[in-house]
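Survey of secondary and tertiary structure
Each chain, written out:
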Amino acid sequence: MLRDREQNTAVGKLVEEHTRLVRETHAGTADLTAVHAAKLARALGHAAGSALYRHTADASVRADWPTAGLRDPRAVLRELFPQLPLLGKAELSAHGEEAFTRPLAEFLHYYESSGTTGNPVAAPKAVDDLVINTINIGELWAQFLQPRDVALILINAPFAPAAYQFEKVLEYVGVMSFRPWVDNITGDYGRVLRLIESLNANVFVGPPSRLLEMIQFAHRSGLPAPRFDRLLLMAEQTGPSFVRHLERLTGGTAYVCSYGSSETGTTAVTCRERNLHLQTQSYLLELHDDTGTRPVDGSADRGELVVTTLDLPARPLLRYRTGDRVEITGEACACGVRTPVLRTLGREQDVVALSGNGVRQNDLEAALWSTELPGHTVFNYMLVVRDRGVVLLVTTDGTPDETWNAMVAERLTPLFPGLAVSVRPVETLPPLASLGQYLGWKLSRVLDLNDERNWARLPEPINAVVAESLRQLGTGSDTPEGTR
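Attention here is on the structure that accompanies the text. (Residues numbered from 1 in each chain as written. Predicted model: local features only at pLDDT ≥ 70, side-chain atom pairs only at ≥ 80, totals over all residues. Heavy atoms only, no water.)

Per the secondary structure count, the protein chain includes 16 helices and 19 strands. For the protein chain, contacts bridging at least 24 residues in sequence account for 66% of all contacts bridging at least 6. Entry remark: accessible area of the protein chain is about 20,800 Å², with carbon and sulfur atoms responsible for 50%. (Helix = DSSP H or I, 4+ residues; strand = E, 2+ residues; numbered from the N terminus. Contact = heavy atoms within 4.5 Å. Areas by Shrake-Rupley, 256 points an atom, 1.4 Å probe, with all protein chains shown as cover.)

Dropping the structure here:
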C-alpha cells in the first residue's frame, strides 16, 4: 500500500504484468529470448547511469549503453551482451555504493551483504525490486504453503534483506508469520519456543544453524524439541545428510527455500518437489569455468554462476561472478514448472585444505549424519584444527563416554589422512557456530588454531577442552599461554 496514488497505480500495473510473465515462464509459453532482449536493453540504459561501471568497463564498451533501448533488442542481446566484461566480487565490494542509478532516498529499505567474501556491499531495496522478488518467490512457495499455516521466521540478520523479504512473501501467499529476535550472547530461545507452541507454528523459515541452536537450547532446558511440518532453509550450504538430520530432529519436510544473495536478489526458488528453479524471467544466467563463459540453456552443465540482473533498474549488475559453484541438472521437474533446475555445490572457499587434502562440508556431514549414530544424536558441530590434530566439538542429547567418542572419530578419520582426529562433546558450541548464515561454512564451522588470534574465539570452558584434546593428540605442546 502506497500513499502516492500515481506510484500505487504503477505498482499495481507492475504486479499484474510480472505475475502474468512468471506464470507464462513456469508454463513454458513465454518468449524468453524476446523478454531477455528487451529487459537487457533497458538494463544497459540504467547501467549507463551507474558510476560502478566506469571502473570495470572501458569507455568504448559503455558507449552504446545509453542508446541500447533505441536499438533492436535482439541485436543488443546478440552483439552487445558478449562484449560486457565480467564483474568480480572484489570490484563490486570496492565500488558497490557507486552501483546506484537513483538517489538513496528513493529506496525503501537499506541493507548490506554479509561481507563473507569481502567488504559488505550496499544492497538497498526499491519498490519495484521488492515487488518482483516477492512474486518470483511467492508463485513457487504457493505450491506447498497454505493460508492455515503459521510460519516462524528466525533470521538474526538486521542488515540482510532476507527476513523482511520472506515476511512479504508469506503475506503474498496469505500465511501468518512472526519474526522474533534471539540475543546472540545469551542464546535464550525460551520466548521463541513458547510462541511456537502457543501459535501452533508449523513452518520454520531461516538458516539451519539457528534451528539447531534452538533445538539444542530446548534439550538443555528440559523442554520438548519444536516440531514442524515444513522447514524452509536458507543462507547456508545444506547437503543431503544435513537435510535428513534436520528432518529427523523436527519431523518436518525440509526445503532449501531459495538461492541468491543480497546483491542479486533471489535467483532460484524451491518448488513442492524441493527443486530450486532458476528465475529466468528476471535474470540472464551464465556458467563460467576454465573453458570460458556460456549461457545457461537448460541442458546439464556446471560451473560458477554468472548473473545479469534484468529487474533491478536502481542497482543493475552486469555479468556478476557470484563465486558460487552450481549444477544445472538438465532434468524436467515433476512440479510442472518448465524453468531449469539448479543445485548448489558450494564455494571454493568452503573447501578445508589440510596437508593437501580437500574436505568439503557434505563429506564431513555424511560421516556424521548419513545414518543415525548409535547411543547419542549429534545436534551440531565445529571443527577445530591445530598442527597435525583435528578436534570435532559436538553437542549431543546425552553424555557420551570415551568409547562413543572414539567410534565417531573412527568414522571421520578417513577424511583426514595423516592427521590425528579426536571427538569431544561440549555443553554448547562457541557462538561462532551459530553464525553460519553470516559467515559460510568454512568461517563459522572450522576454527584454524594455527592462527594464534583464533584462540580468542574459544570461550571457557571450550578453550580448555580443545587445549586438552590437542595435548592428548600430541599436537598441543605449543598452545598459547592462558589455554593450558
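Next comes the rest of the description.
This paragraph deals with the sheet that holds strand 19 (residues 446–448). By way of backbone hydrogen bonds, the strands of a sheet pair with one another, either parallel or antiparallel. Pairing is mixed in the open sheet, where four strands are placed in the order 18-17-16-19. Strands with a single pairing partner mark the edges of an open sheet, and in this sheet they are strand 18 (420–425) and strand 19. Neighbouring strand axes in the sheet, compared pairwise and without regard to direction, differ in orientation by 20° on average. Pairing of strand 16 (residues 378–386) with strand 19, which is carried by three bridges, proceeds in the parallel orientation. When the sheet's bridge partners are listed, Val-384 is paired in strand 19 with Leu-447. (Pairing = 2+ DSSP bridges. Axes fitted to C-alpha atoms, helices over the stretch in contact; angles between N-to-C directions.)

This next bit is on the packing of aromatic side chains. Enumeration according to the criterion identifies eight aromatic pairs in this entry. Members of the aromatic cluster, connected to one another through ring pairs, are Phe-242, Trp-369 and Tyr-381. (Phe/Tyr/Trp six-rings, centres within 6.5 Å; stacked < 30°, edge-to-face > 60°.)

The N-to-C vectors of helix 7 (residues 127–141) and helix 8 (residues 162–172) enclose an angle of 60°; their axes lie 9 Å apart at closest approach. The orientation of helix 7 relative to helix 8 falls into the category oblique. The element helix 7 and its partner helix 8 pack so that their crossing is right-handed. Between helix 7 and helix 8, the contacting residues are Leu-130, Asn-133, Thr-134, Ile-135, Ile-137, Gly-138, Glu-139 and Trp-141 on the first element and Tyr-164, Gln-165, Phe-166, Lys-168, Val-169, Leu-170 and Tyr-172 on the second. (Parallel < 35°, antiparallel > 145°, perpendicular 65-115°, else oblique. Left-handed = near helix turned anticlockwise from the far one by under 90°.)

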